[in-house]
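So you can see what is in the structure, the chains are spelled out below.
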Amino acid sequence: MPAHDVLILGACLAGQRAALAAADAGATVAILSKVHPVRSHSVAAAGGINAAINPADDWRSHAFDTVKGSDFLGDQDAIEVMCAEAPDEVLHLEHIGVTFHRNETGQMDLRAFGGASMKRTAYVADITGQAILHVLYEQLMKYHERVDRYEEWFTTSLLQDEEGNCTGCIARDIRTGQLEVFTAKNVILATGGAGQCFKPTTNGLICTGDGISMAYRIGAPLMDMEMIQYHPTTLVENGFLITEGARGEGAHLLNADGERFMEKYAPNKMELASRDVVSRAEQTEINEGRGVGPGGVGIYLDITVVPKKRTLEALREIVNIGKDFAGVDITKEPILIRPGQHYIMGGVKTDVNGATPIPGLYAAGEVACVSVHGGNRLGANSLLDTLIFGRRAGEHAAQRAAGISMPEATPLSRVREESAWIDSIIDRPKDGRRVSEIKDDLGTEMNRNVAVFREQDGLTHALETVRRLKEEAKTAYIDDRGTVFNQDVLGAIELGFMLDCAECTVMAALERKESRGAQYRTDFPERNDDEWLKHIDVSRNGDDTPHLSYSPVTITQWQPEERKY
Amino acid sequence: MKVAYWPGCVSRGFTPELHGSMAKVAPLLDIELVELDRACCTGAGVIAEHNQELADTLNARTFALAQQVQGADLMMNICSTCQGAQTECQERLDANAEYREHVNGTLAKYDLRYEKDNLANKNFLWVLVEELGLDELRSRVKRPLTDLKVGPFYGCYIVRPTDRLGIDDEKPRDTYLSLVIEALGGTVIEYAGMQKCCGFPIITMNKEASLKQAARHLGDAQDADADCLVTPCPLCHLNLDLQQPLAQRHASRALDMPVLHLPQLVGLALGLDPKELGFQRHVVKPASVIDWSTSVVAGVGDEGGAVSARGW
Amino acid sequence: MAETGKPPESYTLRIRRFDPESGAAPYWAEHTIELEPHRSVLEGILQAKGRFDGSIGIRCSCKAAICGSCGVRINGQPGLACHTHIGRAKETSRDGVIEIEPMGNMPVIKDLIVDMDAVHWKKVQRVTPWLINKEPIPEREYLVDRESMVDVTQTMACIQCGACVSDCLSMEVDPLFIGPAALAKAYRFVGDPRDAQQYERLQDLAEDPHGIYDCTHCFKCIEACPKGVAPMNQIMRLRRRAGSDHHISDRNNGERHEAAFVTLVKDHGLLWEAELLPRSHGGNSWFGKFAPKAGLELADSLPVITKAMLRRKVTPMGALKPHKIPSADLKQVQDIYDTVHGRDERLELNLYITGYDEDEAGAQEPAAVAASGGGDGGQTAAEGGQPGMTPEDSPTR
């Protein structure tokens, strides 16, 4: 039975960074992921990573942009940590081999990004996330004797001892169907977001909120769950992400009248206002009949204004996406986009070391809510978030491990219980609904009523739907009776995770009766600092229903002010 | 049709029957061959591997020579590898004006210059389908290859990469051998190895792997009941025919698979004497194609004329 | 133009199924699904999985050709299921049914899922796949050429999907071949100016009998790669660096073969095959054929040589006397060699970086070889050649 000082669940950027940091700090480390690490969804982050590495820049400027981007809901102590440590982290990445693109003097080149007051986004073409993820995996291969990798293992539950400490997890070897207990002094969740609650989404099929739900189920509070980011540029055809880097390189947004409508909404930053602002502007144009394309459901993203050579070099991925998935040569004609679900600002509540209120349980990356993103995340801050807090969690967990002894082995009865639960899903009679149908219904409902614009009735409808689906999920059946790569049964478990996340999101959105960041209530269109400058925490009641409470926003240097771009 | 003709090195070296059979076949198809006898080796990818600019400049010189041939409709080669190596250089030369000028700068002192958009460079196979046309080819057949089961073997350089070679729905060049075999009255034998590698490029580096590749494809063709293979690539011919006695060791059985050059197959159907086509030069006797005892082309039906057996 | 708004159509998928627990052989299962033609084959498979049979095994996540999970073979061609339009897949199918199989060259675990660890990842681990830093590590970033980082980004763009491994023809006969993906990964370090051990890496890969010289140059990996990594090109660049930059004379004859080839063409304008093989084994000079290694090779090839002689395919004269191009032309060729070799830096045009010039009218299909009329002497010589029956008759002799 494996036992480690630090057990990391999920091998995304945050997870891999945590593993390397914990190993460097002398801990015994295992990293476990339901997919091969390079398949993790960090791979899809395109545009870049923010850091004030330009000597003319200052991390405080980066921090202020982030605070403003968050619509003042971000915790400023955490934002300060992230932005102050950003330059060293990015230089560290450069040193271990990330192929950051250079300027003519051989230094790292920086590109403009939304909501930023200067160019501070380091990048590798438009595959920055992929480049960093693969370089970290290179390092994991280098560390192959120091970090145990469990690739294609699916965690089904977190383990807790009687004092409430997190002591490991139970996971299923996807290749054999075998259940195994992983004992650990510390568990770091790096399982990513829950975009699959929405349809369409830019998120991969693996982004099913596993860690959020598992932590929630053992009592960890979630925070800012109502804050769902809709990315301004996703392909109308199929919801694919078109990187913000495109606008960073100078691309325009045009409505049906050929007008650069962002003039009306963000006269200074135009297309490079924060994502919530741009998405809302686009949706307004579409709703008011100035959309383009079939049914007027889209907006034109015009990349032809970027020099072709630059597009081919720096935006290669979207050249291909345009060609392959939309039949459009983006160097010659505009491409049809619209806002699409992209990121969740909320997650498992942590401190600046990634520690959750449950001893021994950490979280980093999209699964976590530190909260550095508050009401709205700035582009190119997510990669930074994963790396800074992944590293900090790894280091802190290693440190904590040095002072405590290995938890006692979990009794076998607990494994049998888990095994019986999974078998019961496999054995369900085919008289309920199909898992895939319930998932579709969930995504459609969330995207209809918990999207860019929200209001009481829609949210209430969404809550009713989610609760009905939760009931239906209890009897949903699957086809696969096997043990080897039974993705079907894992899908049923994931559906449960997603429904937990969705329920918390809808309840928090109903609760927040104001408009801030990504939460725009048409019935409460103003930001209301007097009543709502606070986080909404969601934790689980004994009876399986979410319980809401509040926690204060940490303000250090920047008082809330009107937010204009 | 008048073509600037590049025969390549091997067709004048180890596979002389290729160059020879092309010369015999051309007049029957009204193709006038103007041999580019001043041009040098394409490098077969090896010179490019050594130094890209060197390969590009040498081939640009060849293209420039071809462009000087008065009244030629196009440039033609009879070697898949030449086709691939040249097309790769041409792609680079055509893609970038600055680079093209740089290369032309080197050629300037020989009064040579490669002009973009002014040189269609096609393998004999493509010429047959795209320039001559299959109907025309069919109409010239004197001795249809009835009942002859022919396995096509393309050679890598003429089927990949598809975009560089201009292979698409309009020009499915990776199916042309089958079309030609059918037009000549033969039966196409499809087998796993048709578009795979003969193994020749690594014969000096990993002989075993190289011969295993040849053996595998020859064996697959045999299993699919082919009488013979046909290839537009003399290098493939070296590995499939010349090396067949060695390749056979890796097949654990007798292979005995004749391999024809494309012009030989065409020539046979156009009524040429097998000897004129140089069949006697093959390591594996084309016994299934030619009945050696009676010297009659086998399986060609009633029209098949007797062919003298003198000398072979 | 954009392809939105096309109505859904019916597609039949024929999926290769394999259940390792059943003890039964692989079999085909067909499902008919409805999708718009511009949707992907992966979406088709997921629909079949969602609506009809949840037990169909396929790895997938991003659906956008970036995570590299869904490598499969569609109608025999390797690629990403999410990166192949379903309408297009139907067009390229043999019988209107889209055939989906697991990738090749790797063992199948279940249905469309193959064991990448056993093959692909093992090979990646083989090439020391991490940066070995040049010392001292600078306080800030390494200062490197702008182009160098764009250049290695081509290999960094590899998503480790295994499509190239699936189709590798060298691996098909030599499972130990390091293979296209891992060698492309190796170039990512050899081409990275921050790496301290480029020579050691190259020597390692050149000396390995299953290393860079085991690639058979078949272009399969270039064709298979959904990300434009062009692994074979990277392998050729590894060879170029090993041979030309570091003069690594490997035991696999790789460097000698290249040197012999290049020298023979320089000396004669055309390839002299009879000399190429012995020199590749014995060394790049006329004396190469007398080296013991060349002798061994000669002995091994004796059956072939005897046959070739018997058939007059190869004549003693032909083997001993090379064919050449006219001396004035040979001089030009040699002059070009000297000019290019004399450059300070080797010029390499990577179309991945530079892209293509804007299309001009008529760029697609060149019409004909028009006589440019400029060349004086060249013309007559070019006009003069009519090929004869045998090389002896040919004017090039």
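All values reported here derive from a predicted model rather than from experimental measurement. (Residues numbered from 1 in each chain as written. Chains lettered and ligands numbered in written order. Predicted model: local features only at pLDDT ≥ 70, side-chain atom pairs only at ≥ 80, totals over all residues. Heavy atoms only, no water.)

**Remarks on the overall build of chain B**
Within chain B, the secondary structure is distributed over 12 helices and 10 strands. Relative to the 2.2 N^0.38 estimate, which gives 20 Å for 312 residues, the radius of gyration of chain B is 19 Å and therefore close to what a compact globule would have. In terms of its C-alpha atoms, chain B occupies a principal-axis envelope of roughly 60 × 45 × 40 Å. For chain B, the proportion of its 312 residues judged to be buried stands at 71%. When the accessible area of chain B is evaluated, it comes to approximately 8700 Å², of which 45% is carbon and sulfur surface. Measuring between centres, the 30 positive side-chain charges of chain B sit 5 Å from its 41 negative side-chain charges. (Helix = DSSP H or I, 4+ residues; strand = E, 2+ residues; numbered from the N terminus. Rg over C-alpha atoms; globule rule 2.2 N^0.38 Å. Buried < 20%, exposed > 50% of the residue type's maximum accessible area, 1.4 Å probe, protein only. Areas by Shrake-Rupley, 256 points an atom, 1.4 Å probe, with all protein chains shown as cover. Lys, Arg positive; Asp, Glu negative; His and termini not counted. Charge placed at Lys NZ, Arg CZ, Asp CG, Glu CD.)

**Things to note about the packing of aromatic side chains**
Residues and elements named next belong to chain A. Taken as a whole and assessed by the stated rule, the structure comprises 15 aromatic pairs over all chains. Ring geometry for Phe261 and Tyr265: centres 6.3 Å apart, planes at 85°, overall edge-to-face. Between Trp532 and Tyr550 the ring centres are 5.8 Å apart and the planes differ by 75°, which places this aromatic pair in the edge-to-face class. Of this pair, Trp532 sits in helix H16 (residues 529-532) while Tyr550 sits in strand S19 (residues 546-552), and the two are 18 residues apart along the sequence. Look at Trp532 and you get buried, because its relative accessible area is 8%. Grouped by ring-pair contacts, the aromatic residues Tyr150, Trp153 and Phe182 constitute a single cluster. Sitting above the plane of the Tyr343 ring, Arg377 keeps its charged end 4.1 Å from the centroid. Stacked on the ring of Trp532, the Lys or Arg Lys534 has its end atom at 5.0 Å from the ring centre. (Phe/Tyr/Trp six-rings, centres within 6.5 Å; stacked < 30°, edge-to-face > 60°. Lys NZ or Arg CZ within 6 Å of the ring centre and 35° of its normal.)

**Here's the deal with the sheet that holds strand S5 (residues 121-122) of chain A**
Residue and element names in this part refer to chain A. If you trace the three strands from one edge of the open sheet to the other, you get S3-S5-S4, paired in antiparallel fashion. Taken across any chain shown, the strands that pair with only one partner, and hence form the sheet edges, are strand S3 (49-50) and strand S4 (110-111). Where S3 and S5 come together, two bridges link them in antiparallel fashion. Following the sheet pairing, Ile49 is matched in S5 by Ala122. (Pairing = 2+ DSSP bridges.)

**Describing the domain arrangement of chain B**
Residues and elements named next belong to chain B. Taken domain by domain, chain B holds domain 1 (2-124) and domain 2 (134-297). Centre-to-centre separation of domain 1 and domain 2, based on C-alpha positions: 24 Å. Each partner contributes residues to the interface: domain 1 has 28 residues there, and domain 2 has 28 residues. When the buried area of domain 1 at its contact with domain 2 is split by residue, Glu17, Leu28 and Ser80 rank highest and sum to 23% of it. At the boundary of domain 1 and domain 2, one finds three salt bridges. Residue Arg164 is joined to Glu91 by a salt bridge in which the shortest nitrogen-to-oxygen separation is 2.9 Å. On inspection of domain 1 and its partner domain 2, the count reaches eight residue pairs in polar contact (both at pLDDT 80 or more). Secondary-structure elements contributing two or more residues to the side of domain 1 that touches domain 2 are helix H1 (16-28), helix H4 (80-95) and strand S4 (121-123). A class-by-class count of the residues in the side of domain 1 that touches domain 2 yields 13 nonpolar, nine polar and six charged. (Domains from an automatic or database assignment. Contact = heavy atoms within 4.5 Å. Buried area = accessible area lost by both parts, 1.4 Å probe. Salt bridge = Lys/Arg side-chain N within 4 Å of Asp/Glu carboxyl O. Polar contact = N/O pair within 3.5 Å; in protein donor to acceptor, adjacent residues only side chain to side chain. Nonpolar A, V, L, I, M, F, W, Y, C, P; charged D, E, K, R; others polar.)

**A few points about a nonpolar patch on the surface**
Taken together, the side chains of Trp286, Phe287 and Phe290 of chain C make up a nonpolar region of the molecular surface, amounting to roughly 410 Å² of accessible area. In this fold, Phe287 of chain C is placed in the loop between helix H12 (273-282) and helix H13 (292-300). (Patch = residues over 30% accessible without salt bridge, like charges linked within 9 Å, V, L, I, M, F, W, Y side chains within 5 Å.)

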